[in-house]
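Chain and residue survey
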Amino acid sequence: MSESTWIERFYTHFLGRDLTYIYAGGLFICVGEYTLFYTVFMPKELSFELISFLLSSYFLGIAIREIGLNYFPLRKKLFAPSDLIFYQKLIKNYDGRILDKYERMINILAFYTSVGTSSLLSGGFMIIVGIYKWYF
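As the structure is a prediction and not an experimental result, all values here were calculated from the model.

Quick word on the overall build of the protein
Helix and strand content of the protein: four helices and zero strands. Moving toward the C terminus, one meets the helices and strands of the protein in the order α-α-α-α. For the protein, the proportion of its 136 residues judged to be buried stands at 24%. Put simply, of all contacts in the protein between residues at least 6 apart along the chain, 85% involve residues at least 24 apart. Total accessible area on the protein is roughly 10400 Å²; 71% of this is exposed by carbon and sulfur atoms.

Quick look at the structure:
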């Protein structure tokens, strides 16, 4: 098993992915604000607006990740119960460095599906609004 502490595991497995979702949702919100209003209304201090921005960015980032997984499938099939038993045996019997390598790959795929899809949707939104403003 890996020699990392529970704090390191919490950061790398939980907080690292969640920051990706906050970034993806915040990116989409900021690009949308800039496209529509030519400015970004970003809270400057700890306030209700900042907390609501972070929460809405987080949930929007998760929704964008699900859109990305539906249109750019990375999973081939759903897990069978035997796969879960295999995964548990893998964790118990293999070196921690190998598991950390696969965890890194999972984090990269989470970044790809959330931030990549957010960038794609933001760019599409900018193009649609630009064409609308140019045409009308």
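There is more to say after this.
Side note on unusual backbone geometry
For tyrosine 38, which is not glycine, the phi torsion reads 60° and is therefore positive. If you trace the backbone, tyrosine 38 turns up in the loop between α1 (6–37) and α2 (48–71). Of the residues examined, tyrosine 38 reaches a relative accessible area of 59% and is grouped as exposed.

Structural notes on the packing of aromatic side chains
One pass over the structure, following the stated rule, counts five aromatic pairs. Their ring planes at 55° and their centres at 6.4 Å tell us that tyrosine 21 and tyrosine 58 sit as a pair that is tilted. Linking tyrosine 21 in helix α1 with tyrosine 58 in helix α2, this pair joins segments that are 37 residues apart in sequence. What makes tyrosine 21 buried here is its relative accessible area of 6%. Pairing tyrosine 58 with phenylalanine 59 gives two aromatic rings, centres 5.2 Å apart and planes at 70°, and the pair type is edge-to-face. Through successive ring pairs, a cluster of aromatic residues spans Tyr21, Tyr58 and Phe59.

Topic: α2
For α2, with 24 residues, the first-to-last C-alpha span of 34 Å sits near the 34 Å given by 1.5 Å per residue. Among the residues of α2, Phe53, Ser57, Gly61, Ile64, Arg65, Gly68 and Leu69 are the ones counted as buried.

Focus: a nonpolar patch on the surface
On the surface, Ile67, Tyr71, Phe72, Tyr102, Met105, Leu109, Tyr112, Leu120 and Leu121 cluster together into a nonpolar patch covering about 860 Å² of accessible area. Mapped onto the nonpolar patch, the elements with two or more residues apiece are α2 and α4 (96–135). For the nonpolar patch, the element with the highest residue contribution is α4, accounting for six residues. Topologically, methionine 105 is positioned in helix α4.

Thoughts on the pattern of salt bridges
All told, the structure shown has one salt bridge when counted by the stated rule. For the salt bridge of arginine 65 with glutamate 66, the shortest nitrogen-to-oxygen distance reads 2.6 Å. A relative accessible area of 32% places glutamate 66 in the partly exposed class.

Some thoughts on the environment of isoleucine 22
Counting through the fold element by element, isoleucine 22 comes out in helix α1. A C-alpha to C-alpha distance of 4.2 Å links isoleucine 22 and tyrosine 58, two positions 36 residues apart in sequence. Once you skip the residues sitting within four places of it in the chain, isoleucine 22 turns out to touch Leu54, Ser57 and Tyr58.

Topic: the side chain of serine 57
Counting through the fold element by element, serine 57 comes out in helix α2. Judged by relative accessible area, which is 0%, serine 57 ranks as buried. For serine 57, the side chain forms a polar contact with the main-chain nitrogen of glycine 26, separated by 3.5 Å. Setting aside its immediate chain neighbours within four residues, serine 57 contacts Tyr21, Ile22, Gly25, Gly26 and Ile29.

Calculation rules
- Residues numbered from 1 in each chain as written.
- Predicted model: local features only at pLDDT ≥ 70, side-chain atom pairs only at ≥ 80, totals over all residues.
- Heavy atoms only, no water.
- Helix = DSSP H or I, 4+ residues; strand = E, 2+ residues; numbered from the N terminus.
- Buried < 20%, exposed > 50% of the residue type's maximum accessible area, 1.4 Å probe, protein only.
- Contact = heavy atoms within 4.5 Å.
- Areas by Shrake-Rupley, 256 points an atom, 1.4 Å probe, with all protein chains shown as cover.
- Phe/Tyr/Trp six-rings, centres within 6.5 Å; stacked < 30°, edge-to-face > 60°.
- Expected span 1.5 Å × (residues − 1).
- Patch = residues over 30% accessible without salt bridge, like charges linked within 9 Å, V, L, I, M, F, W, Y side chains within 5 Å.
- Salt bridge = Lys/Arg side-chain N within 4 Å of Asp/Glu carboxyl O.
- Polar contact = N/O pair within 3.5 Å; in protein donor to acceptor, adjacent residues only side chain to side chain.

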